[in-house]
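Here's the letter readout for the chains.
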Amino acid sequence: MVPSAGAGLAITDPSTDRLWEVLFCPFASRGTTVRSSEQGVLSRKRGREPRLEMGDPQGNLCTDAGVGDLVTEKCLVASKGPARRVQLACSGQYCAFPLDGNALCVWNTDDPSYQPLTLRGHHEPITAVAFGNAVSPLLVCSASRDYVIMWTLDECRQKALQGLTPRGVVMGTLLGKVLCLRLSPDDRAVAVCAGKKIFMLDTESQSTRAELEGHRGAVTAAEFCLWQTHLIISVSEDRSFKVWDHHMGSLIYNSSVLTASPLLSLLIDAESRQLVTGCANGQLWIFSLVEGHHYRCVTRVDLKKKSESFFRRVESRLCSLPEEGQRVCTDGLEKGEEVEASLPVLGLGPCDLSLVLPAECGCLPSENTTCLWIGSSAGLFIFNLANFELEAVLHYKDFRSSSIQVAGSCAVMSKVGGEKAVCLLTSLCGCKIALLEIYAAALVRSQRGHNAGRDLSVLPRAHVLSTSPLYFRPAEENRTQPAPQRQSAMRSTIKDQPLVFHSKVRSSGYASTPHITLFSPKTNTRSSGDRSLPRRDCHRGKEYPLESSPPTKVHKQRVIAHGPVAVSCVQYSGDGRWLACGLANHLSLVFRADLTGTPAVFSGHDGAVSTVCWSHDGRWLLSTSRDGTLRLWSLRGAELALCVGKDVFSKPARSAQFYYIDTFILLSSGPELQLLKYHVATCRDGIQRYKQKSRCKGVFRLPTTGMTEITSLSAVNDFYSYLVLTAGRNRTLEVFDLNAGCSAATIIEAHSRPVHQICQNKGSSFMTQQHQFYNLFATTATGDGIKLWDLRTLRCERCFEGHPNHGYPCGIAFSPCGRYVASGAEDRHVYMYDVGSSTFSHRLAGHTDTVTGVAFSPSAPQPGSCARPRVMEVGTHLLSPCSAALEAPWTLGHGLASGDTGCRRHRCDGLVMSSTTEPRPSTEALTWLIPR
């Protein structure tokens, strides 16, 4: 490189030995690409006049709503030496990189008319560059084997304009090969990662504050904690991270070995208080820095798998759109799966998409949704820290104008406002350095597609269609006869008629003897206190508190069965007074919510009970079993009211529930979704009750897309709703609109494994949520955590992966207030997640086996209540059952019962219940207490 008379840099191309001068003209437009004349932009060959050539736009044109270039190569420089494996720097306005080995070049990314500033002072090649955090004065630090130099950018520019040589301040000498530099939030200290040590240098006194030793490999990155400025976190080639107190010079935390590849990059997100580190094999590790979380791992992400899954989802959305809507930028989508064997994470940077994401997802607050840029050797990725999914993917090779196909170093930073970002790249196999400008918002919108939500909502927005299976026909309603009333045993069964004195007419009322019921056998009895189901009106409580804390300690524990019996499912009644659980020994039990008294026993199934469901009015209990039958029970007397056998279903019913406020029974049978209309005879005559007068018939059936077996279904029964959610064996979620009688939307690859439970945020009759929160639902799959979805956008809004769940189908449940999601786990704990955070807030101990089911009570605390006065006076409870042997049948105070392979919790400002499923000597249930 040689000096130039004009305002620019003279760049020599070593391949052709030709000299080019790159000019930064005041009249150059922002989208102008500065490259050699062979590429068709602004250049001047020696001995010729400069000319401005506007070639093709340097990016990939996208016709999405008139969006211009997604990527523009603002500038390209050919250095004399390779610049791979060096730390580059980008700030909001400037970018800095090593040039020709020992020179530091600073560019203004906002105004290309500014002349690049070249700073010289190193004798060895520069290996790391970093900007300060203060806006004025803006500091830039560079490091090589010989010196660590601090430059004040404004002073250097003033000296350069005056024709003087800019000078920097030498902070340290002969520290070794520096791989990373980082300035403290107040710019008073700089961390120099050289070899296996971290040198803490004072920027004012140019002295060494501390030397941090402990890594067994070269330290590759370090970051200061923004809310605890005395802490600094470092990662190393020894594949671990360490937390230091650089004021004291002491080690606070040392992680275990995370992966088989070296850790290369590091980022601390202040909003979510999470630590993100990337390694050479393309994996991201995310840890929680919240106080009390003890640096626990939140999740691990494979960048290659996420990229492949992302492109499959984008292609499926494009195929589902009409032709006029398929104007999404698709260049490179066909090549998207041709990814390298690994995607080393070279750099991480914050990404502000607050102007893009909130407009499309309004349930969760946008300030809790944080994204970051991931720079790899093959491309750039926008990663969402809330749902651990990719928002956009940009491969370098997918853009024909890109000069760098494989990157050796990368630095990326979003500009103010988040609409654009700048990316600084160096070539892996060459000597090129390129500056890219990326329209981040347009990139995300182009790959997301049009009208993703399709205006779906759990709350109905239109009247029932006359062709809908949910439509009630007046003729059918008129033919429905009311149930006969129970007559007194002392009255005649023949109606009284007027007396007629005639020789051929027998006088009514005298010739026949009234029938009197003398004995009515009972096959299932209860105690006198449990003989009848009280009316729901007499159990009205206070409204469920919206602001309440999660449970923290065990409140009650009870053994449900002595023997190898597992509890497969649990559910509370709508009024929160009763708890039903299905057992593997073919029985169903109904307890009082406070677990007192003798439970009612419902027997009749020939297989393990798989699901139990309460009716909206609390009078009926629905159960399905592995014997392929569906049974409807009356809570009064624990009697069978209706039995539907295998002759009605083509395949055994896997799950069933009441639907449309008890109007229908909704069930899944193989790949079909079936809707049954039922009638329950309520005759109470001692003999007539043994005659089967209850009946049901199928009114509608709908197959899933691809005829995939349904593994779980969910629908709202507390109010009229047209939508039904299903999960298939092929890992696809499908939304059915029963008003239209068709499939409304599908989500492919919702999880990496088949979903075993769908849980909707249904609230309860004791509290009211904002209407948009009813569109939230959660899904869980073995080994793939919990995902929170929004029906209106068909997007995963948050992901919860803090609980161990690798082999058993652990259940989940929403709290009535909608703030928490409870989950069972294989480490014998119940995990409580706040929907605004990706890591668990509490972990509840007390079980002795895998917790596989949880259930929240819908009722609110009610001091003096006749049902459970003492429970309501103390506050909220969580109940969970577990399969384990106990020495004593009763421990602690109050609770709910259940034992099954899935832990289910119940929260009733009151109760949360969980259960486990593995057969053990006995089954237990726990209730957790929430302090006020």
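Residues numbered from 1 in each chain as written. Predicted model: local features only at pLDDT ≥ 70, side-chain atom pairs only at ≥ 80, totals over all residues. Heavy atoms only, no water.

**Quick notes on the nonpolar core**
Counting 30 residues, the largest nonpolar core has I198, M200, L212, I232, I233, F241 and L275 as its most contacted members. Beyond its immediate stretch of four places on either side in the chain, F241 contacts I233, S234, V235, Y253, N254, S255, L258, L263, L275, F287 and Y295. Core analysis: the next-biggest nonpolar cluster, separate from the first, contains 27 residues, C351, L380, V412 and L425 among them. (Core = buried A, V, L, I, M, F, W, Y, C linked by side-chain atoms within 4.5 Å. Buried < 20%, exposed > 50% of the residue type's maximum accessible area, 1.4 Å probe, protein only. Contact = heavy atoms within 4.5 Å.)

**Looking at the sheet that holds strand 7 (residues 117-120)**
Strand order in this open sheet of four strands is 4-5-6-7, and the pairing throughout is antiparallel. Where the open sheet ends on each side, the last strands, each with one partner, are strand 4 (89-90) and strand 7. Examined bridge by bridge, strand 4 and strand 5 (residues 94-99) share two bridges and lie antiparallel to one another. Considered in strand 5, the bridge of C90 is made with C95. Strands strand 5, strand 6 (103-108) and strand 7 of the sheet are contacted by helix 1 (residues 153-161), whose axis makes an angle of about 100 degrees with strand 7. (Pairing = 2+ DSSP bridges. Helix = DSSP H or I, 4+ residues; strand = E, 2+ residues; numbered from the N terminus. Axes fitted to C-alpha atoms, helices over the stretch in contact; angles between N-to-C directions.)

**Here's the deal with the packing of aromatic side chains**
Tallied over the full model, the rule gives 16 aromatic pairs. Relative to Y253, the ring of F241 has its centre 5.7 Å away and its plane inclined at 40 degrees; by these criteria the two rings are tilted. On the criterion of sequence distance, the pair formed by F241 in strand 18 (residues 241-245) and Y253 in strand 19 (residues 250-254) is long-range, its members being 12 residues apart. Residue classification places F241 among the buried positions, given a relative accessible area of 0%. Between F241 and F287, the aromatic rings sit 4.8 Å apart at their centres with planes inclined by 55 degrees, giving tilted as the arrangement. Taken together, the residues F241 in strand 18 and F287 in strand 22 (residues 283-288) connect sequence positions 46 residues apart. (Phe/Tyr/Trp six-rings, centres within 6.5 Å; stacked < 30°, edge-to-face > 60°.)

**Side note on the sheet that holds strand 53 (residues 820-824)**
Ordered in space as 52-53-54-55, the four strands form an open sheet in which the pairing is antiparallel. In this open sheet, the two strands that pair with only one neighbour each are strand 52 (812-814) and strand 55 (840-844). Taking each pair of neighbouring strands and ignoring which way they run, the sheet shows an average axis angle of 20 degrees.

**A closer look at unusual backbone geometry**
Where the residue is not glycine, phi is negative for most of them; where a peptide bond is considered, it is trans in most cases. In this model, S136 is joined to P137 through a cis peptide bond whose omega is -5 degrees. Position of P137 among the secondary structure elements: in the loop between strand 8 (128-131) and strand 9 (139-143). Here the phi dihedral of R239 falls at roughly 70 degrees; this positive angle occurs in a residue that is not glycine. The residue R239 is located in the loop between strand 17 (231-236) and strand 18 in this model. Given a relative accessible area of 30%, R239 falls into the partly exposed group. Phi at L794 takes a positive value of approximately 55 degrees, unusual for a residue other than glycine. With respect to the helices and strands, the residue L794 is situated in the loop between strand 50 (786-790) and strand 51 (795-800).

**A few points about the UniProt feature "repeat: WD" (unreviewed entry) in the protein chain**
Taking the numbering used here, the UniProt-annotated feature "repeat: WD" (unreviewed entry) corresponds to residues 212-254 and 602-636. Secondary structure over residues 602-636 splits into 0% helix and 51% strand, and the C-alpha atoms at its two ends are 11 Å apart. (UniProt positions renumbered as here; feature names shortened; annotations may be inferred.)

**Observations concerning the pairing of strand 18**
Among the five residues of strand 18, five are classified as buried, and the element is accordingly described as predominantly covered. With antiparallel pairing between neighbouring strands as the criterion, strand 17 and strand 18 make up a hairpin whose turn holds four residues, including R239 at a positive phi of roughly 70 degrees. Where strand 18 folds back onto strand 19 in an antiparallel hairpin, the turn is made up of four residues, including G249, whose phi is positive at roughly 70 degrees.

**Quick notes on the confidence of the model for the protein chain**
Per-residue confidence for the protein chain gives a mean pLDDT of 75, with 70% of residues at or over 70. Contacts of residues 474-480 to residues separated by more than four positions or lying in other chains number one contact, the stretch itself having pLDDT below 50. (pLDDT = per-residue confidence, 0-100.)

**Quick word on the state of the cysteines**
Applying the stated criterion across every chain, the model contains zero disulfides. No disulfide involves C371; its nearest neighbouring cysteine sulfur is the one of C351, lying 5.7 Å away. Since its relative accessible area comes to 4%, C371 is described here as buried. (Disulfide = S-S within 2.5 Å.)

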